[in-house]
Structure formats: structure tokens, C-alpha cells
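Each chain, letter by letter, is given below.
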Amino acid sequence: MTASSRPDLSDIHAGDWVDRRLPAAWRPYTRLARLDRPVGVWLTLFPCLAALIQASHGFPAAWQLIVFCLGALLMRSAGSTVNDIADRNFDAHVERTRFRPLASGQLRTRQAIGFLVAELALAASLLFFLSPYTRLIALCVLPLVFIYPLCKRFTHWPQAVLGAAFNWGMLMAWAEVTGHVPVGAVIMWIGAIAWQIGYDTVYAYVDVRDDTRLGLKSTAILFGRNGKAWVGLFYALTVASWSLGGWLSGMSLPYAAGMVVVAAHLAWQTWRIDLRRPELNFRLFLSNILTGVLLAGAALAGTL
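The rules behind the values
Residues numbered from 1 in each chain as written. Predicted model: local features only at pLDDT ≥ 70, side-chain atom pairs only at ≥ 80, totals over all residues. Heavy atoms only, no water. Helix = DSSP H or I, 4+ residues; strand = E, 2+ residues; numbered from the N terminus. Rg over C-alpha atoms; globule rule 2.2 N^0.38 Å. Buried < 20%, exposed > 50% of the residue type's maximum accessible area, 1.4 Å probe, protein only. Patch = residues over 30% accessible without salt bridge, like charges linked within 9 Å, V, L, I, M, F, W, Y side chains within 5 Å. Areas by Shrake-Rupley, 256 points an atom, 1.4 Å probe, with all protein chains shown as cover. Salt bridge = Lys/Arg side-chain N within 4 Å of Asp/Glu carboxyl O. Polar contact = N/O pair within 3.5 Å; in protein donor to acceptor, adjacent residues only side chain to side chain. Contact = heavy atoms within 4.5 Å. Disulfide = S-S within 2.5 Å. Axes fitted to C-alpha atoms, helices over the stretch in contact; angles between N-to-C directions. Parallel < 35°, antiparallel > 145°, perpendicular 65-115°, else oblique. Left-handed = near helix turned anticlockwise from the far one by under 90°. Nonpolar A, V, L, I, M, F, W, Y, C, P; charged D, E, K, R; others polar. Arc of directions from axis to C-beta.

S.K.: Could you clarify how one ought to interpret the overall build of the protein in this entry?
M.R.: The helix and strand inventory of the protein stands at 17 helices and 0 strands. In terms of overall dimensions, the protein is globule-like: its C-alpha atoms have a radius of gyration of 19 Å, near the 19 Å expected for 304 residues. Seen through its C-alpha atoms, the protein measures out along the principal axes to roughly 55 × 45 × 35 Å. The burial tally for the protein puts 53% of its 304 residues in the buried class.

Spelled out as C-alpha cells, the structure:
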């Protein structure tokens, strides 16, 4: 593929709904919170919904759905803001991130920090609706949120830290519904971490050339040409963990059928990976929204 025919991998596109419908002053904050790219919200939310369903052994209470949906939105947005603040000196040199608000100079660092404080304050307000035990568990995720953006400087496994933080709501869901976090819930959470390592490695291959040039680290750089096999291994661990965790959580036979569908979808993703085609890998990353939907659907079917 020639330089002229290579697709633009920027994750911000001029002329989208943000540019068309929002006041100019709101646009950089909307992009800083990733509201124009909600894939991360869905990837955070669906495992959390699955945990709520499993813990409730049926459809959860409406107020729990509202609180956890808002929590997924706010904490994903806050995490994105922390990430962009930490990476502001790198993002301008990476094709995918060069137009982000801090990298392009649309916002100053102090403005982003003020916005982060507001995001965290809104997220903290949701804690008043949760039990003291759940609040304690929620506070324990904050170190991971702030450590993750720095991980790519000293470890090839930032995706593991991100996976632990991204899916923390699964543990909170069990704590809120049942008052404790059983072994099955922890195994489900470990499966979600393995899933995130898999799909975020696929995503990292989009940036692998720029990250290597900048001296950053990722699982994509570590796995190199063997990335397809490693992603398949982590996806297999995902299915095994979710199967075992679901069984320990009392899921019925339809849950097992759902796991077969999840396994087929992840196997299809692995088969389609092409390390030389970053635009394809990005589309495969996006297809993990369906994985989350399938997981939540399997959990609901498993309560029948």
C-alpha cells in the first residue's frame, strides 16, 4: 500500500456531529471525554451489565442500571482525560491521536485538569447511591486509572492494567447486589481482563509503528509477528474464564450456549486479524462491542 493510498487512521474526523451540532467552546471537551467515540463506554458497560444480571440472577433493579450506566460513562470519560493529559507530548506524533484536543493545542493542560476534576466529582456523586462496601471497592480502582497512562513507558503490558480498571464495575456490581464478591465474579473479571488484553492488542497494532519510534511499549510490540496467536490465546482464556465463572455463579444451560457463540465470534476475529492492515484491525477492535452484547445476553439467558 502506497503512502497516498494508505487510509487516514486518525480517531477524530472533522465535520462529524461534534463539529456540526455543538458550540465551538464545547467541542474540545466533548472529544477529550471521548463522547464522539463511545466504543469505550460500550466495552466498559456490557461486562458490567452482565455482572449485574448474574448477581441479580435476573434483570437488575432500574436504579442500579441507571447508576452503573452513568458510572461507566463518567469513569471512561475521566480515564480518557487522564490518558490524554499524560500522553499530551506523545499524541501529536502518533497518526491516530494527532488531532486530539491537547495534542493539537485546542486545550491547555490546566483546562483539561479542571475538566477532569469535574468528571471525577460527578462520578463521586454516584457513590451516594451505593452501599459503603461498594464505595470502598470503587475507590480502589482510582490508582489503576491514574497509573495506566504511564504503564506504556515501562512495561509491555499496559493493556492488562487497562483491563483491570475498565472492568472494575463487574466487581462493584456483585458487591452492590449481594454484599460480597464471590470467586465466580473474580474469575469473570479475570476473563474480562484477558478479553481486553486480546482486543486492545489488536487496537495497539494500529499504533505499533509510531509507538516503536517513540520508545513506548505495548503487547503489540512485545508479540510482534506472533500477535495473531497471542490474541487467540487470550481470547481462549476469556471463554474459559467466563465459562467457569458463569458455572460458579449458577448460570443455567443457555449460558453455555451463549459461550459457544462468544467463542465463535472471537475465533472469527482471530482468523481475520492481519497485522499488515491497521484499518482492518481497528474494525475488528470495534467488533468487540458485539462480544460485550453477547456476554450480557448469555448472562440474561443463563438466569432463565
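S.K.: Is there a simple way to think about a nonpolar patch on the surface in this case?
M.R.: Judged by side-chain polarity, Trp-17, Leu-35, Ile-66, Leu-70 and Leu-73 come together as a nonpolar surface patch covering roughly 420 Å² of accessible area. Locating Ile-66 in the fold gives a position in helix α4 (residues 62-86).

S.K.: Looking at this structure, I do not really get the pattern of salt bridges. What am I missing?
M.R.: Opposite charge on two side chains makes pairing possible when the charged atoms of those side chains draw close. Applying the stated criterion to the full structure yields 12 salt bridges. Residues Arg-100 and Asp-84 are paired through a salt bridge, measuring 3.3 Å at the closest nitrogen-oxygen approach. A residue pair is termed long-range when its members are at least 10 positions apart, and Arg-100 in the loop between α5 (88-91) and α6 (109-125) and Asp-84 in helix α4 qualify at 16 residues. Note on Asp-84: relative accessible area 1%, which makes it buried. Through salt bridges with shared partners, a single network forms among Asp-16, Asp-19, Arg-31, Asp-36 and Arg-37.

S.K.: Help me understand the side chain of Gln-159 in this model?
M.R.: The residue Gln-159 is located in helix α9 (residues 158-166) in this model. Among the polar contacts made by the side chain of Gln-159, one reaches the side chain of Thr-219 at a distance of 3.2 Å. Setting aside chain neighbours within four positions, we find Gln-159 in contact with Gln-196, Ile-197, Asp-200, Thr-201, Ala-204, Ser-218 and Thr-219.

S.K.: It is not clear to me how the state of the cysteines should be interpreted in this structure. Could you clarify?
M.R.: In a disulfide, the sulfur atoms of two cysteines are covalently bonded to one another. Inspection of the entire model under this criterion finds 0 disulfides. Just so you know, Cys-48 is unpaired, no disulfide at all, and the nearest cysteine sulfur is the one on Cys-69, 7.9 Å from it. Cys-151 carries a free sulfur, and the closest cysteine sulfur to it, the one in Cys-140, is 17 Å from it. According to the relative accessible area criterion, Cys-151 is buried, its value standing at 2%.

S.K.: Is there a simple way to explain the packing of α9 against helix α11 (residues 183-204) in this structure?
M.R.: Axis angle and axis distance: for two packed helices, these are the angle between their axes and the distance between the axes, and together they describe the pair. With their axes 8 Å apart at the nearest point, α9 and α11 run at an angle of 130° to one another. Comparing their axes, α11 and α9 come out oblique. Taken as a pair, α9 and α11 cross one another with a handedness that is right-handed. Residues Gln-159, Ala-160, Leu-162, Gly-163, Ala-164 and Phe-166 of α9 lie in contact with α11, whose contacting residues are Trp-189, Ile-193, Gln-196, Ile-197, Tyr-199, Asp-200, Thr-201 and Ala-204. Counted by class, the contact of α9 with α11 contains 9 nonpolar, 4 polar and 1 charged residues.

S.K.: Would you explain helix α8 (residues 142-151) in this entry?
M.R.: Each α-helix winds once per 3.6 residues, and so residues spaced three or four apart point in a common direction. Within α8 the residues assigned to the buried category are Val-145, Tyr-148, Pro-149 and Cys-151. Each buried residue of α8 lies within a common arc of 155° when the element is viewed along its axis, so the set occupies one face. Here the buried face of α8 lies against α4 and α9.

S.K.: Whenever I open this one, the side chain of Arg-34 confuses me. Can you help?
M.R.: Here Arg-34 lies in the loop between α2 (27-32) and α3 (39-56). Overall, the relative accessible area of 7% leaves Arg-34 in the buried class. Not counting residues within four places of it along the chain, the set of residues in contact with Arg-34 comprises Arg-76, Ser-80, Asn-83, Asp-84 and Arg-100.

Purely geometric numbers; function is a separate question.
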